[in-house]
Amino acid sequence: PPHTGPTTPAIVARLMTETPRDIRSTRPAVPPGVNAAVQRALEKSPADRFMNCGSFAEALGAGTREAALANAAPSKDTNSAAGSAARRFAPILGVLALIAAVSVGLVIKQRTASTGAPESTNGVSRAGGEQTLAVLPFTSVGGDTANNYFAAGIADELTSALTQIPGLRLAGRASAARVKQQGSSTREIGTALNVSSVLDGSVRRSGERIRVTAELTSASDGRVMWSQTYERALADVFAVQDEITREIVSALQVRLTTAGSASAVGARGGTTNLEAYDLYLRALQLYKARGPGLRNAERYAEEAIARDPDYARAHALLSSVLTVQPYYVTVSPQSNAIRARAAAERAIALDDSLAEGHLALGNAREEVAEWSDARREYERASALDPQSADVQYRLGELSFRMGRVRESLGPLGVASRLDPLYSQSSSYLALGLAAIGRTDEGVAEGQRALTLDPDHITLNSWYTWVLDLAGLREEAAAQARRLLGLGDFPERIGLAAGVLARAGKLDEARAQLRRLEVLPAAAEGRDLGLVLARLGLGDRDGGLVALEAAAQRDPYRLRAYLLAMQSYDALRAEPRFAAVIRQLNLDVERLTLPDGGRSQ
């Protein structure tokens, strides 16, 4: 085995942090080329591994032939020597090919079984003739990387329009973006995302002209089903999007019902103002990336609205940006929550059939603990866009924040199936699994999420907690130190300090506690950081005092740090803890149980 350890979580943790052992250290006779192929197959980044089984087999075969040629005596027939070496390693290659084939089959079978979807052939459902499509982010050509957001945005708009077509299932947006980034072939994309067709394209933007090339390809055989190039005035970009959508529908031979007829093919809640559209796409790209760019995302969304006050999707996007901002930049959650709600309500007033509007309003209501109203908005968004992994992720996150950890696993699992490379939902799923004691699965899922987005601060936070829950103290301490290197957010410093303390790194934990204690009392996230750090160090009284302060000054962030988690178990019997839970509008009876209701 490339990695060994006493438990599965330990092995998974080493897989993420350690270089695999070299085969030749124990089996010197293995040819260097074969060894190199196996090492490449074990690379941590998917982009560095083989993209398919055929490439792996080819590299293994080349390694055996290379060794045979190197070892053949000059007097012997080279082809004979090569054939002998190939025969010697044929059993290995045969087993590897069998493992690869069975693994692919199992993955597809498990995914089909877990989703309850009918089996498919070449991505088309046997039960209902469902057509399946992955829309990849379009590429900006011409050397102007500043227009990348515009090219990717056009594909995003097409995805939004195509989700409204009955009988057409689209791959998740995050997964489509990921396979495009990896440079996967059409067939590889079809297998990875279980789709029958792939839409890719490019955009060349020059002055007031735009050239859009789109190509629809069959994933089963690489056959180009349809391709077209549109060269227009930039102002005609909306017409180009509409034409592409209609022609794809025609190429896929999807029957348009009344709900998906001519009047409904275009994306809802849009604009005809090119400047507003351009600004919206800039904001959308920054929103997806998270991080400090959320400040500019807010500005772009507001400018888009200024140019077209009736642009419903821009209002919905502004609401979403304002809601997530406090977790990535230093802003007031309270003031943002008020503005986020107003923007989402405006989006819905403009277009009540806009799924993004209801999703944004649900998120804004969740932030102020209006749990029932938030769930109702999410369910409305789900009815409008059943394929949205974002909606399912938010439903799962809502249950998690309410303390219903087991209940959260259902929608989080659905989100992962709809968009398997969506790291945010995967990260929450990992934490939920670990919180209810399924730590092996939690560690594996958390590692997978972090592989997708290694520097995402939320993913690193939750994975730190997952390793801690799994009892992998050294690995958790190493991950806590990594988390500390990603930013100076007080709540994340407190999380890292608590994990370090439980790992026995008391001096390090106390040093982080001192960092928090010297911050101004009103510093965003300070109180929550003190809660997690003091509880980790065994200071129940100090943790309770900080908890009461956090509930008073920063209830938004406190609810986001999942009060059902084991970190708070030491306080659950305290009447003052129950008072805080009541103040946060959470379920007092559940969260004051000894395990915070995780077993229910």
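Calculation notes
- Residues numbered from 1 in each chain as written.
- Predicted model: local features only at pLDDT ≥ 70, side-chain atom pairs only at ≥ 80, totals over all residues.
- Heavy atoms only, no water.
- pLDDT = per-residue confidence, 0-100.
- Contact = heavy atoms within 4.5 Å.
- Salt bridge = Lys/Arg side-chain N within 4 Å of Asp/Glu carboxyl O.
- Helix = DSSP H or I, 4+ residues; strand = E, 2+ residues; numbered from the N terminus.
- Buried < 20%, exposed > 50% of the residue type's maximum accessible area, 1.4 Å probe, protein only.
- Polar contact = N/O pair within 3.5 Å; in protein donor to acceptor, adjacent residues only side chain to side chain.
- Axes fitted to C-alpha atoms, helices over the stretch in contact; angles between N-to-C directions.
- Parallel < 35°, antiparallel > 145°, perpendicular 65-115°, else oblique.
- Left-handed = near helix turned anticlockwise from the far one by under 90°.
- Nonpolar A, V, L, I, M, F, W, Y, C, P; charged D, E, K, R; others polar.

## As for the confidence of the model for the protein
In this model, the protein carries a mean pLDDT of 82, and residues with pLDDT of at least 70 account for 82%. Between residues 73-87, whose pLDDT stays under 50, and residues either more than four places distant or in other chains, the model counts 8 contacts. Note on residues 255-266: pLDDT is under 50 here. Beyond four places in sequence and across chains, it has 21 contacts.

## Quick look at the pattern of salt bridges
Tallied over the full model, the rule gives 45 salt bridges. E445 is the salt-bridge partner of R448, the closest N and O atoms lying 3.0 Å from each other. Remark: E445 and R448 occur in helix α18 (residues 439-452); sequence separation between them is 3 residues, near one turn of the helix. In this structure R448 comes out as partly exposed when scored by relative accessible area, which is 28%. Taken together, the shared-partner salt bridges in this structure form one network comprising R341, E345, R365, E370 and E377.

## Focus on the environment of A171
Following the sequence through the fold, A171 ends up in the loop between β5 (168-170) and α6 (173-182). Exposure remark for A171: the relative accessible area of 11% places this residue in the buried category. Each C-alpha atom, one on A171 and one on P420, is 9.1 Å from the other, the two residues being 249 residues apart in sequence.

## A few points about the side chain of Q325
As for its placement among the helices and strands, Q325 is situated in the loop between α11 (312-324) and α12 (333-350). Reaching out from Q325, the side chain makes a polar contact with the side chain of N336 at a distance of 2.9 Å. Apart from the residues within four sequence positions on either side, Q325 is in contact with L294, R295, E298, V331 and N336.

## Details of helix α7 (residues 186-193)
Among the residues of α7, E188, I189, G190 and L193 are the ones counted as buried. Looking at the buried side of α7, the elements it contacts are β3 (131-135), β5, α6 and β6 (197-206). Once α7 ends, the next one or two residues include N194, with phi positive near 55°.

## Topic: unusual backbone geometry
With a phi close to 60°, R290 is a non-glycine residue in the positive phi region. In this structure, R290 sits in the loop between α9 (274-289) and α10 (294-307). Phi at L562 is positive, roughly 50°, even though this residue is not glycine. One can find L562 in the loop between α25 (555-560) and α26 (575-583). According to the relative accessible area criterion, L562 is buried, its value standing at 0%.

## With respect to the packing of helix α13 (residues 355-367) against helix α14 (residues 371-384)
Closest axis-to-axis distance for the α13/α14 pair is 8 Å, and the angle between their directions is 160°. Here α13 is positioned roughly antiparallel relative to α14, judged by the angle of their axes. Considering only the axes of α13 and α14, their crossing is left-handed. Residues A355, H358, L359, L361, G362, N363, R365 and E366 of α13 lie in contact with α14, whose contacting residues are W371, D373, A374, R376, E377, Y378, R380, A381 and L384. In terms of residue class, the contact of α13 with α14 is made up of 8 nonpolar, 3 polar and 6 charged.

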